[in-house]
There are 4 protein chains.
Amino acid sequence: MIYKQSLLTALLLLLFSVAHGQFDLNHQTNNLFIKPQVRQQILIPDISGYKTLKGDFHIHTIFSDGSVWPNVRVEEAWREGLDVIAITDHLEYQPHKDYTVSDHNTAYQLAQRKAEEMNVILVKGTEITKGEVPPGHFNALFIDDANPIENKDASLSIEAAVKQGAFIIWNHPGWKRQQPDTTKWWDYYTTLKSKNMLHGIEVANSNEWYPVALDWCIDKELTVFGNSDIHAPINLKYDLSNRHAHRPITLIFARDKSMQSVKEALFEGRTIAWYGNIIAGKESLLSELVSASIELKTAFRETKKKGNTWCYAELNNTSDIPFVLQDKDGNEIVLKPLSSVIVKFDKKTAALNYKVMNAFIGSERRLEINIPSL
Amino acid sequence: MIYKQSLLTALLLLLFSVAHGQFDLNHQTNNLFIKPQVRQQILIPDISGYKTLKGDFHIHTIFSDGSVWPNVRVEEAWREGLDVIAITDHLEYQPHKDYTVSDHNTAYQLAQRKAEEMNVILVKGTEITKGEVPPGHFNALFIDDANPIENKDASLSIEAAVKQGAFIIWNHPGWKRQQPDTTKWWDYYTTLKSKNMLHGIEVANSNEWYPVALDWCIDKELTVFGNSDIHAPINLKYDLSNRHAHRPITLIFARDKSMQSVKEALFEGRTIAWYGNIIAGKESLLSELVSASIELKTAFRETKKKGNTWCYAELNNTSDIPFVLQDKDGNEIVLKPLSSVIVKFDKKTAALNYKVMNAFIGSERRLEINIPSL
Amino acid sequence: MIYKQSLLTALLLLLFSVAHGQFDLNHQTNNLFIKPQVRQQILIPDISGYKTLKGDFHIHTIFSDGSVWPNVRVEEAWREGLDVIAITDHLEYQPHKDYTVSDHNTAYQLAQRKAEEMNVILVKGTEITKGEVPPGHFNALFIDDANPIENKDASLSIEAAVKQGAFIIWNHPGWKRQQPDTTKWWDYYTTLKSKNMLHGIEVANSNEWYPVALDWCIDKELTVFGNSDIHAPINLKYDLSNRHAHRPITLIFARDKSMQSVKEALFEGRTIAWYGNIIAGKESLLSELVSASIELKTAFRETKKKGNTWCYAELNNTSDIPFVLQDKDGNEIVLKPLSSVIVKFDKKTAALNYKVMNAFIGSERRLEINIPSL
Amino acid sequence: MIYKQSLLTALLLLLFSVAHGQFDLNHQTNNLFIKPQVRQQILIPDISGYKTLKGDFHIHTIFSDGSVWPNVRVEEAWREGLDVIAITDHLEYQPHKDYTVSDHNTAYQLAQRKAEEMNVILVKGTEITKGEVPPGHFNALFIDDANPIENKDASLSIEAAVKQGAFIIWNHPGWKRQQPDTTKWWDYYTTLKSKNMLHGIEVANSNEWYPVALDWCIDKELTVFGNSDIHAPINLKYDLSNRHAHRPITLIFARDKSMQSVKEALFEGRTIAWYGNIIAGKESLLSELVSASIELKTAFRETKKKGNTWCYAELNNTSDIPFVLQDKDGNEIVLKPLSSVIVKFDKKTAALNYKVMNAFIGSERRLEINIPSL
């Protein structure tokens, strides 16, 4: 009996141990603090027939002044749920060059394989790095060859990139090292724009953003960007342990997940910058995105008061972006990601109006939305 | 003009300061560690034309041996994303009765208003509490009046409940205080079942579960439950800080979110128990749920090797339930909630087969699934 | 051999399974989301020969308008690392009284046993609840019997408490329901104070604080308090998942952990209010506490520049309170709990001066400290 | 007019921003998800007159097959609270060499400056990398020059290192790529040891550990190590968001925080490996460490039962290491870091005995401790 039992148990537990890796004196795995290699999905709805892609178009590696090998940038982006990135090492600033053998295309080449394996779109780019403003720093995206772009003269450098069909971004226009007091627009940029040599601006870069730059984008029809400009390993700078934490991201509204569609979207200005808990961009796009993210369900309850009928319903946030909603009396609702609250509305109007405090459509303008009841 | 402008600005800043709590010497708000009052959405797909509701059918309040006021149970459930709960205070065990004025319906009455306001379905229930097994403890759900159900004789008590159309659950069959050595099925339950006086079993209760009880449910066509049997405030027992953490939950597949549909679903056995990272229930339901939760996207890349074509694609988990997938070679993939991994499959078969290690369709049987490529 | 092995394995795995709860078909434990019942230590240094105790002197239960059974308040406090609490149910506001059998001492009696078992000092208290200000709400602590304190007339009620040797706190003086526009001091309180019928003020209550009230405490020598005024289960209102999160706490500097020493400390004004990331109180106490919490280690490195010798050393925060340190140039250091940063100081002075931005010694005054190098 | 307007707004916003650091249209900082640059203190008591240092002696950079620039390793270690690290790039495996200009000392040289600035002891090391076992992989620590150590012959390579006074570790002896079935000790290592060319073994490496290797260390007096063997950025492999999470660490008991004392401690075998929630090493050291970490406070309460007097007291864990304590009846206490529980002991014995389930003093032996009451 005992014997049978023990054998039985042996078998049972053995099977179990094979299946689950129990106590083996030769080898034990210990995954307690290990991160599984998974990609987190960032849930943001598609809008107006476009896919909502997530991108970061300003990233460095050890081949300029960054501190990680190029393929790490792909791995980081994949895990965080990004669809597209551009590695944009400095042409002019190469502090590691005594220890590296490379030209300005090397970082791209070393990351390309990983990008194919992980289905991350890797845009070939570079950063034209001229100290003072103007000219300042520019990212050139969708280039063929970074080497001929290097040039003492900023304008000639940009021109060389544009010849390759590049999309040009003015980086961190309000960086205090370049514009310590006021974030100014200079004639230099008016000229670039007039020659179709300037297409976008970083409204947000790293842990900074520049409200006036948002006005420029809207007034001058330039594409808005929120980029990380990451140099360190991403998790050394950002605490991404909470699923709703994220680096500065540029949301791209593209026909599909392809290089060509991303390029088209950028040139057509179909982007929103998402940094911290703020989204910023064109009123039309923000309005669509917020309307697609928030739904006012059908009322589950009614009460009557002084001839009015009040409806109670769930207000759902189906996205990973939080929304701070302010009603006309100044009361605020914090609608966390993938969460809902219960709201009250008048049966006659059957809708709610809010100012979205974390959605900027201008340096001082917040998006206002009307949400009809389903 | 100036005056108007300054007023305007004043107003703007005032709103701003009101909205954002600026420095007012009279009054400051400090929400640093405050939880906003929001409902978290638990993302689990609907299956086979039914809505997937989340429920907990075993809950106590201060009106038996619990430690919170009844409406707290509604608030907790709403925040956690539950759709339906039953308060099931003990008929026979009333340690607080020297300090309370109540009958067996009081807890329900005190929670009902809150349930209506928060759109949580509150099932009227009670726990028939007989120490030893058999008979043990039973929950009677969907009753009209708990008072006449109290009876020294367990069978008469159950009978009184069934007369009211009650659904009867055998609670925690493997609780060591009642069955210390082996979790046994007794003739007593065969008799109950034959008289249609037993409809479900708690496969999971609190931090325990009973594999053999899952076999009973499947063999004898009883409804599976995963319930919390919570007595303390929920957050004192469970660490729910991570959005994927949850109390033991019973998933109900119902026509709609209504009392009637929940009752129908329970009587028809359309449930799955979800406790910790384990789901347990009928093979057909688990198979549908997992298939609806995991999607194998179209291949984004192909490689050829020895005449074989290998396709690479994302395997997405669109639900808040994690899945541990084991292939035929014993390799395991941990597919976290709302995440994806990259997998490889043969172009010929264009599908993947896994044993789902955390999906039990029997005490020792795991669900096996085939996932075709989109 | 095989047989011996399997028996051996059986034994080994059996032992293992006994020790670690492996797969038993009858009973499985599943503690994945369960909170262990432990007390977190709040690490804050003792100062000037006193023990630093952590207290909350404003707490409700179901015996007024709270929502938990009294002993839950002890369990919550113990887990959070508190040493002393007072349950202070309203004398005048008893919304649950149709469902409860109690007098004003019942909550205390029901929590006392648990307090003894968990070594938490339970101060007998009550809340005198008069709507408008003045008189407003008062907590009476260290009373013998709450029943005779109930009285239509606020002053007579306070007087009855003081006859019992009570310590009297004016609660939430800036609560907008009582003082919507300005947080005012009224003659009423001058009179109370003159009759030794007012001893302390809540500078912080729940998620509010009142900068002017801190000035009153300092000018009029009243004891400062930071209390939770908790009604719900604590974790339903506060997110305490991070070890540095906490409810509003009153730090008490007492001879030892005893009722008598706490009473003495309160009457002698030896307290600091700690709410969110802010500490507030008398300059002398804050200065001692911060100096005891922050240490500037001996320099590990020196550099010379223009005849100056710069020393580099670790600045350690040995407490669970974070400190935001601003130097004379306005640069800020965030010194997280149980963390350190590297700072630079001139070898001649061998010390650093900071304004502690989150340490208030007046409505608008921050603590300034000088930290000498070890 | 316009000009006046903007001036007015500027003024108002300026005042506003001065008062509250609020809205500046030129520049906003947004630190929501940013990690402050701080060093976390790992709280572990010193023992027997030695300082308890935390180290990791197996680390890679881009100068072998790692993916970060050398100084990143110092920054990571400093933030995690480590005191000493060794960068140990492979001599024989240099996949990046087409893109780098370096010899085997370059990584050390590039990290040294940062190590001085951050007060992290940087041990010069290298990894001798021979595929099969024996010989396998070895780390040579405290070397002067890595270049002459490179040699086709493993023994000559080790010999060259030892000539420089190196400390030699046998790395990951149970790595399945090298010992797939059984983790074996070979004569090769007996010979090395006899020639004083082997001083320590990695009991834990990355997410693996090898129970038998612990027995070897104890029987043959070799120093135990728990090392990360990190190649990726540390946070890409480990989830360190919880303060008690950590990479595999080697605890060193050294006279002081200096290179010389660390070297002495390693040669004298004064280490403990700490990986996941497990500590492993010599019984004497584990016994001292656990006794110094856990204190049984004086009883705060007594009860009498059948002539016995039971004392109740707090059992405190003053360290960042959790302990799982099992009493003679098999009951387990989880004593989390910086936490306490209440325990009961007999007044006669005035002590408690536990088996520490997560403290290994042999492949299958757990530490047993006796904790006297204070």
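Residues numbered from 1 in each chain as written. Chains lettered and ligands numbered in written order. Predicted model: local features only at pLDDT ≥ 70, side-chain atom pairs only at ≥ 80, totals over all residues. Heavy atoms only, no water.

The name given to chain A in an unreviewed UniProt entry is Polymerase/histidinol phosphatase N-terminal domain-containing protein, with the source organism recorded as Carboxylicivirga sediminis.

Caption draft 1: Here's a closer look at the overall build of chain A. Secondary structure summary: chain A contains 9 helices and 21 strands in total. The principal-axis extents of the C-alpha atoms in chain A amount to approximately 90 × 80 × 35 Å. Out of the 374 residues in chain A, the part that is buried amounts to 60%. Partitioning the contacts of chain A with sequence separation of at least 6, the portion at a separation of at least 24 is 65%. Surface accessibility of chain A: about 14500 Å² in total, with carbon and sulfur atoms responsible for 51%. Distance between charge centroids for chain A: 7 Å, based on 41 positive and 45 negative side chains. (Helix = DSSP H or I, 4+ residues; strand = E, 2+ residues; numbered from the N terminus. Buried < 20%, exposed > 50% of the residue type's maximum accessible area, 1.4 Å probe, protein only. Contact = heavy atoms within 4.5 Å. Areas by Shrake-Rupley, 256 points an atom, 1.4 Å probe, with all protein chains shown as cover. Lys, Arg positive; Asp, Glu negative; His and termini not counted. Charge placed at Lys NZ, Arg CZ, Asp CG, Glu CD.)

Caption draft 2: Focus on helix H9 (residues 283-293) of chain B. Those residues of H9 of chain B lying buried are Leu285, Leu286, Leu289, Val290 and Ser293 of chain B. Angularly, the buried residues of H9 of chain B cover 120° about the axis, an arc narrow enough to put them on a single face. (Arc of directions from axis to C-beta.)

Caption draft 3: Representation of the interface of chain D and chain A in the model. In this assembly, 58 residues from chain D lie in contact with 57 residues from chain A. Roughly 5100 Å² of surface becomes buried between chain D and chain A when both sides are summed, with 64% attributable to carbon and sulfur atoms. In terms of surface lost to chain A, no three residues of chain D exceed Phe33, Tyr99 and Leu236 of chain D, which account for 16% of the buried area on that side. The interface formed by chain D and chain A includes 0 salt bridges. Only strand E1 (28-29), helix H2 (70-80), helix H3 (106-118), strand E9 (208-209), helix H6 (211-220) and helix H7 (234-237) of chain D provide two or more residues apiece to the side of chain D that touches chain A. When residues in the side of chain D that touches chain A are grouped by element, the largest group, 4 residues, is from H2 of chain D. In terms of residue class, the side of chain D that touches chain A is built from 25 nonpolar, 21 polar and 12 charged. Strand direction decides the pairing type here: strand E9 (residues 208-209) of chain A and E1 of chain D, joined by 2 bridges, are antiparallel. Along E1 of chain D, the bridge assignment pairs Trp209 of chain A with Gln28 of chain D. (Buried area = accessible area lost by both parts, 1.4 Å probe. Salt bridge = Lys/Arg side-chain N within 4 Å of Asp/Glu carboxyl O. Nonpolar A, V, L, I, M, F, W, Y, C, P; charged D, E, K, R; others polar. Pairing = 2+ DSSP bridges.)

Caption draft 4: Representation of the packing of aromatic side chains. A complete count under the given rule lists 58 aromatic pairs over all chains for this structure. Pairwise contacts between aromatic rings join Phe138, Trp170, Trp185, Tyr188, Tyr189 and Trp216 of chain A into one cluster. Above the plane of the ring of Tyr312 of chain B lies Arg301 of chain B, whose end atom (NZ or CZ) is 4.6 Å from the centre. The lysine or arginine in question, Lys344 of chain B, covers the ring of Trp310 of chain B, its NZ or CZ lying 4.6 Å from the ring centre. (Phe/Tyr/Trp six-rings, centres within 6.5 Å; stacked < 30°, edge-to-face > 60°. Lys NZ or Arg CZ within 6 Å of the ring centre and 35° of its normal.)

Caption draft 5: Local environment of the relation of the copies chain D and chain A. Superposition record for chain D on chain A: RMSD 0.0 Å, screw rotation 180°, translation along axis 0.0 Å. These values place the two chain copies in the arrangement generated by a two-fold rotation axis. Most of the interface of chain D is mirrored in chain A, where 98% of its interface residues again form contacts. (Least-squares fit on C-alpha atoms with pLDDT ≥ 70 in both.)

Caption draft 6: A look at the nonpolar core. Counting residues in each nonpolar core, the largest one holds 122 residues, and the members touching the most others are Leu315 of chain B together with Ile279 and Leu315 of chain C. When neighbours within four sequence positions are excluded, Leu315 of chain B is seen to be in contact with Ile294, Glu295, Leu296, Leu325, Leu335, Ser339, Ser340, Val341, Val343, Tyr354 and Ile371 of chain B. Residues Ile44, Leu240 and Leu352 of chain A together with Ala115 of chain D belong to the second largest nonpolar core, which totals 118 residues. (Core = buried A, V, L, I, M, F, W, Y, C linked by side-chain atoms within 4.5 Å.)

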